[in-house]
Amino acid sequence: MKEEFMAEAIQISKEKMLAGEGGPFGAVIVKDGKVVARGWNKVTSSNDPTAHAEVVAIREACQSLENFNLEGCTIYTSCEPCPMCLASIYWARIDEIYYANTRDDAAAIDFDDEFLYREIATPIEKRQIPTKQVLRDEAQKVFKMWQEKDDKIPY
């Protein structure tokens, strides 16, 4: 079964790339042996830098299953997830990740995420994009309100 789902993710990556919808990346999300979502890279066709195949598939799966929690699901992606996609997979609580191409394979065709991996580990004050803290006291009040909110939905 794993090969069948991966083959579909790879086929989606090929079809949508050739159709001009974005880069050569595809993903499928499976629950209980059935595909519940398909995603492909739509960065250039939707002018959305977050529209990576995995994120698109996660959004579709959440809509399809009417839940932000994708426990019990597995993602098959044509390439090792970038840092954004990997974080999204963790936030969605997907159980397993299967990938085909590696991040080194992606770097070889000019999709190099290594900078992002390094940047995440860099202290805030040394990152490439200047990042400065402002109005923490005011923001802390909202966090306190959340902490005390009786009807919150934890995630």
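Check the entry above for the structure.
In this report, we go over the structure that sits alongside the text. (Residues numbered from 1 in each chain as written. Predicted model: local features only at pLDDT ≥ 70, side-chain atom pairs only at ≥ 80, totals over all residues. Heavy atoms only, no water.)

### Description of the overall build of the protein chain
- The secondary structure content of the protein chain amounts to 7 helices and 4 strands.
- Reading the helices (α) and strands (β) of the protein chain from amino to carboxyl end gives α-β-β-α-α-β-α-β-α-α-α.
- Counting only C-alpha atoms, the protein chain reaches 50 × 40 × 25 Å along its principal axes.
- A burial count over the protein chain gives 28% of its 155 residues as buried. (Helix = DSSP H or I, 4+ residues; strand = E, 2+ residues; numbered from the N terminus. Buried < 20%, exposed > 50% of the residue type's maximum accessible area, 1.4 Å probe, protein only.)

### What about unusual backbone geometry?
- Not every positive phi belongs to a glycine, and R93 is a case in point at roughly 65°.
- Its location among the elements puts R93 in the loop between α4 (83-92) and β4 (96-101).
- With a relative accessible area of 29%, R93 lands in the partly exposed category.

### Notes on the environment of Y117
- Tracing the backbone shows Y117 in helix α6 (residues 114-121).
- Separated by 76 residues in the primary sequence, Y117 and N41 place their C-alpha atoms 20 Å from one another.
- Not counting the four nearest positions on each side in its chain, Y117 is found in contact with P81, C82, P83 and R103. (Contact = heavy atoms within 4.5 Å.)

### A short note on the side chain of S78
- Here S78 shows up in strand β3 (residues 73-79).
- Not counting chain neighbours up to four residues away, the residues in contact with S78 comprise M6, A9, I10, S13, P24, F25, G26, A100 and N101.

### Thoughts on the sheet that holds β3
- Ordered in space as β2-β1-β3-β4, the 4 strands form an open sheet in which the pairing is mixed. Edge strands, defined here as strands with exactly one partner in the open sheet, are β2 (34-40) and β4. With direction set aside, neighbouring strand axes in the sheet form an average angle of 15°.
- Docked against the sheet, helix α3 (residues 53-65) engages β1 (26-31), β2 and β3, running at close to 140° with respect to β2. (Pairing = 2+ DSSP bridges. Axes fitted to C-alpha atoms, helices over the stretch in contact; angles between N-to-C directions.)

### Regarding a negative patch on the surface
- A surface patch of negative charge is lined by D104, D105, D110 and D112.
- Inspection of the secondary structure assignment puts D104 in helix α5 (residues 103-108). (Patch = residues over 30% accessible without salt bridge, like charges linked within 9 Å, V, L, I, M, F, W, Y side chains within 5 Å. Areas by Shrake-Rupley, 256 points an atom, 1.4 Å probe, with all protein chains shown as cover. Salt bridge = Lys/Arg side-chain N within 4 Å of Asp/Glu carboxyl O. Lys, Arg positive; Asp, Glu negative; His and termini not counted. Charge placed at Lys NZ, Arg CZ, Asp CG, Glu CD.)

### Thoughts on the side chain of E54
- Among the secondary structure elements, E54 is positioned in helix α3.
- Leave out the neighbours within four places in its chain, and E54 touches A27, I75, T77, C79, P81, C85 and I89.

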